[in-house]
Amino acid sequence: MELTYSEEEEDFRARLRAWLAKELPALPAKPSPDDWPARRAYDLGWQRRLYEAGYAGLHWPVDAGGQGATPTQHLIFLEETERAGAPYVGANFVGLLHAGPTIAAEGTAQQRARWLPPVLRGEEVWCQGFSEPDAGSDLASLRTRAVRDGDDYVVTGSKIWTSHAEVADWCELLVRTDPGAPKHRGISWLAMPMDAPGVTVRPLRTLAGSTEFAEVFLDEVRVPVANRVGAQDDGWRVTMVTLSFERGTAFVGEVVACRRTLGELARAAQANGRWDDPVLRRRLGRLYGEFGALWRLTQWNVSEAQAAGGVPGIGGSVFKLAYSHARQELYEAAAQVLGAASLSLEEEWTLDRLSSLSYTIAAGTSQIQRNIVAERILGLPKGR
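Throughout this description, residue numbers start from 1 for each chain and increase along the sequence as written. Where totals are concerned, whole chains, interfaces and linings use all residues; where local detail is concerned, this predicted model gives features only for residues with pLDDT of at least 70, and gives and counts side-chain atom pairs only at 80 or more. As a rule here, side-chain values come from all non-hydrogen atoms in the structure, and water together with hydrogens is ignored.

## Focus on the overall build of the protein chain
Inference 1: The helix and strand tally for the protein chain stands at eleven helices and eight strands.
Inference 2: Remark: exposure states derive from per-residue accessible area (1.4 Å probe, protein chains only) relative to the maximum for the residue type, with buried under 20%, exposed over 50%, and partly exposed in between. Residues counted as buried form 51% of the 384 residues belonging to the protein chain.
Inference 3: Every residue pair with non-hydrogen atoms within 4.5 Å of one another is taken to be in contact. Long-range contacts, defined as pairs at least 24 residues apart, comprise 72% of the intrachain contacts of the protein chain with a sequence gap of at least 6.
Inference 4: Summing over all exposed atoms, the protein chain offers an accessible surface of approximately 17,900 Å²; the carbon and sulfur share of this is 53%. Under the DSSP-based scheme used, a helix requires at least four consecutive residues in state H or I and a strand at least two consecutive residues in state E, with every element numbered from the N terminus. To be clear on the numbers: accessible area is Shrake-Rupley with a 1.4 Å probe, and residue cover counts the displayed protein chains and nothing else.

## Digging into the side chain of arginine 228
Inference 1: Looking at where arginine 228 falls in the secondary structure, it is placed in strand S8 (residues 228-229).
Inference 2: As used in this structure description, the phrase polar contact means that two N or O atoms lie within 3.5 Å; if the pair is within protein, one of them must be able to donate a hydrogen and the other to accept it, and residues adjacent in sequence are counted only when both atoms belong to side chains. There is a polar contact of 2.8 Å between the side chain of arginine 228 and the backbone oxygen of glycine 230.

## Side note on helix H4 (residues 93-106)
Inference 1: Take the number of residues in a helix, subtract one, and multiply by 1.5 Å to get its expected span. Along its 14 residues, H4 runs 19 Å from first to last C-alpha, staying within 8% of the 20 Å computed at 1.5 Å per residue.
Inference 2: The angle between axes fitted to the seven residues ending at a residue and the seven residues starting there is what we call the bend at that residue. Of all the bends in H4, the greatest reaches close to 40 degrees and is centred on alanine 99; the proline proline 101 follows between one and four positions later.
Inference 3: With eleven of 14 residues buried, H4 is to be regarded as a mostly interior element.
Inference 4: All buried positions along H4 are accounted for by Val94, Gly95, Leu96, Leu97, His98, Ala99, Gly100, Pro101, Thr102, Ile103 and Ala104.

## Remarks on the side chain of arginine 112
Inference 1: Here arginine 112 lies in helix H5 (residues 109-121).
Inference 2: Overall, the relative accessible area of 16% leaves arginine 112 in the buried class.
Inference 3: Among the polar contacts made by the side chain of arginine 112, one reaches the side chain of aspartate 63 at a distance of 2.8 Å.
Inference 4: In this structure arginine 112 touches Asp63, Ala64, Ile103, Ala104, Ala105, Gly107 and Pro117, once residues within four positions along its chain are discounted.

## Comments concerning the nonpolar core
Inference 1: We define a nonpolar core as any set of buried Ala, Val, Leu, Ile, Met, Phe, Trp, Tyr and Cys residues linked to one another through side-chain atoms lying within 4.5 Å. Grouped together as the largest cluster of nonpolar side chains are 66 residues, with contacts concentrated most on Trp46, Tyr55, Trp126, Trp189 and Phe291.
Inference 2: Once residues lying within four places of it in the same chain are set aside, the contact partners of phenylalanine 291 are Val255, Cys258, Arg259, Leu262, Tyr323, Ala326, Arg327 and Leu330.
Inference 3: Membership of the second largest hydrophobic core comes to 22 residues, among which are Leu44, Ala168, Cys171 and Val216.

## Observations regarding the packing of aromatic side chains
Centre-to-centre distance and the angle between the planes together describe a pair of aromatic rings.
Inference 1: Stacked, edge-to-face and tilted labels apply to pairs of Phe, Tyr and Trp rings (six-membered ring for Trp) whose centres lie within 6.5 Å, assigned for plane angles under 30 degrees, over 60, and everything in between, in that order. Applying the stated criterion across every chain yields a total of eight aromatic pairs.
Inference 2: Between tryptophan 19 and tyrosine 55, the aromatic rings sit 5.2 Å apart at their centres with planes inclined by 55 degrees, giving tilted as the arrangement. Of the two residues, tryptophan 19 is situated in helix H1 (residues 7-23) and tyrosine 55 in the loop between helix H2 (36-53) and helix H3 (71-83); the sequence distance between them amounts to 36 residues. Just as tryptophan 19 is buried, tyrosine 55 falls in that class too.
Inference 3: Ring centres 5.9 Å apart and planes at 25 degrees place the aromatic pair tryptophan 126 and tryptophan 170 in the stacked group.

## Looking at H1
Inference 1: In a regular helix each residue adds 1.5 Å, so 17 residues correspond to 24 Å; H1 covers 24 Å between its end C-alpha atoms and thus fits that length.
Inference 2: Inspection of H1 places Glu9, Phe12, Arg13, Leu16, Trp19, Leu20 and Glu23 among the buried residues, and these make up the whole buried set. The arc enclosing the buried residues of H1, seen along the axis, measures out at 130 degrees, which places them on a common side. Away from its buried face, by an angle of more than 90 degrees, H1 presents the exposed residues Glu7, Arg15, Ala21 and Lys22.
Inference 3: Lining the buried residues of H1 we find H2 and H3. Within this analysis, the arc is defined by the directions that extend from the helix axis to the C-beta atoms.

## Observations concerning the packing of H1 against H3
Inference 1: At their nearest, the axes of H1 and H3 sit 10 Å apart, and the two run at 30 degrees to each other. On the basis of their axis angle, the class for H1 and H3 is roughly parallel. Of the two possible hands of crossing, H1 and H3 adopt the one that is right-handed. Across from Glu9, Phe12, Arg13, Leu16, Arg17 and Leu20 in H1, the residues of H3 making contact are Thr72, Gln73, Ile76, Phe77, Glu79, Glu80, Thr81 and Arg83.
Inference 2: Note on residue categories: nonpolar means Ala, Val, Leu, Ile, Met, Phe, Trp, Tyr, Cys or Pro, charged means Asp, Glu, Lys or Arg, and polar means any other residue, Gly included. For the contact of H1 with H3, the per-class residue count stands at five nonpolar, three polar and six charged. Axis angles are defined between N-to-C directions and span 0 to 180 degrees, where every axis is a line fitted to C-alpha atoms and, for a helix, only to the segment in contact. Throughout, the term roughly parallel applies to angles under 35 degrees, roughly antiparallel to angles over 145, roughly perpendicular to angles from 65 to 115, and oblique to all others. Take the far helix as your reference; a near helix turned counterclockwise from it by less than a right angle gives a left-handed crossing, and one turned clockwise gives a right-handed crossing.

## Regarding the pairing of strand S2 (residues 145-149)
Consecutive side chains along a regular strand alternate between the two faces of the sheet.
Inference 1: For two strands to count as paired, DSSP must find a minimum of two bridges between them. Note: S2 against strand S3 (residues 152-159), five bridges, orientation antiparallel. Across the sheet, alanine 146 pairs through a bridge with valine 155, a residue of S3.
Inference 2: Hairpin connection from S2 to S3: two residues lie between these consecutive antiparallel strands, with glycine 150 at a positive phi of about 65 degrees.

## Brief notes about the packing of H2 against H5
Inference 1: Remark: H2 packs on H5, axes separated minimally by 7 Å, with the N-to-C direction vectors making an angle of 105 degrees. Comparing their axes, H5 and H2 come out roughly perpendicular. Between H2 and H5, the residues in contact are Gln47, Arg48 and Tyr51 and Val119, Leu120 and Arg121, respectively.
Inference 2: Class assignment for the residues of the contact of H2 with H5 results in three nonpolar, one polar and two charged.

## Section: the environment of leucine 120
Inference 1: Mapped onto the elements, leucine 120 comes out in helix H5.
Inference 2: The spacing of leucine 120 and glycine 95 is 25 residues in sequence and 8.8 Å in space, taken between C-alpha atoms.
Inference 3: The residues contacting leucine 120, other than those within four sequence positions of it, are Gln47, Tyr51, Ala56, Gly57, Trp60, Ala64, Gly65, Gly66 and Leu96.

## Thoughts on the pattern of salt bridges
Inference 1: Throughout this description, the term salt bridge denotes a Lys or Arg side-chain nitrogen within 4 Å of a carboxyl oxygen of Asp or Glu. Per the counting criterion, the structure on display carries 24 salt bridges.
Inference 2: Here glutamate 329 and arginine 286 are joined by a salt bridge, their closest N and O atoms 2.6 Å apart. Residue glutamate 329 is located in helix H9 (residues 315-338), and its partner arginine 286 is located in helix H8 (residues 278-307); the two are separated by 43 residues in the primary sequence.
Inference 3: The exposure class of glutamate 329 is buried, given its relative accessible area of 16%.

Here it is, written out as structure tokens:
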């Protein structure tokens with residue numbers, strides 16, 4: 001992994017900085033956090049600007065509609081957009097970071113042509129229909145069934161924690177197509193239109209008051225067989241591709257954001273007198289080292305994914321495990337620095353702190369990540 005930047009890469013950085021300096025002041029005001037239709041429009045509007053400027057899908061393969069940029073250019077893009085305070089992927093994070101890369105890696109030419117351009121142009125939003133109410137962390141025990149009827153699957157069941165289902169056009173959906181197979185087999189990965197008859201969305205309100213998640217109920221929903229990504233009953237393997245993106249590269253922008261947040265905390269501590277506390281300074285210093293190491297691990301994971309044809313490896317579980325706990329400690333430190341101000345629900349710090357609690361659960365619990373590291377990286381025997 002090359003940790004220095006070439007002249008060409010620095011030129012790319014300079015052009016991106018100039019473009020951001022011109023575009024960001026022209027953005028409309030951010031909508032209310034509770035107004036998801038407005039947030040969808042805002043996020044897709046930014047995605048459209050990226051597309052028109054040639055920055056959409058920067059690291060996606062050219063034959064998937066991307067720019068085919070190098071891993072280093074991708075990381076420069078993330079560094080500069082975060083430094084400038086540009087919008088993140090927002091409501092379309094599933095399409096851009098999970099479903100889109102999966103379709104690029106596993107989809108047919110027709111599927112790539114149908115679904116990837118609208119994601120990159122900021123025209124369609126995806127949600128993720130993986131988790132189920134009774135499955136917990138055991139994703140493979142899902143019970144939503146899909147019975148083939150001619151050219152369609154008839155899907156019945158329910159999903160929970162479905163991100164942005166309220167405003168989504170499509171859902172990456174896991175279904176059981178062979179109920180008699182062992183639980184890690186007999187699963188298929190479908191792209192389901194959210195406006196299909198029989199789909200009911202019930203928003204869930206989080207601890208922070210957001211409705212970014214929902215329950216989704218499926219009552220004999222017809223999904224074309226042509227919408228299946230990968231072979232029938234091979235969905236678990238395709239799902240591992242999706243999860244490798246979710247754990248391995250989807251959080252890279254957030255590492256940059258956390259490093260910026262840490263700098264803001266240090267400045268706040270110096271301003272309010274808490275910097276004189278040596279215990280707090282040591283804590284912030286250790287976090288600085290942890291996030292620096294996580295950024296290097298991010299660079300390694302992105303480079304490894306590029307070398308492997310674009311799909312991240314199981315090292316993403318190492319990153320996800322370390323990042324989840326570091327992020328939680330970051331916002332615990334924020335409470336220590338900010339004192340009573342961190343208790344107000346009107347403060348963005350408080351909302352971020354509440355959100356950080358979910359990171360050891362989302363995208364696979366820390367317990368699941370430890371099992372993956374132990375069994376697939378360290379070669380330890382499976383637990384009983």
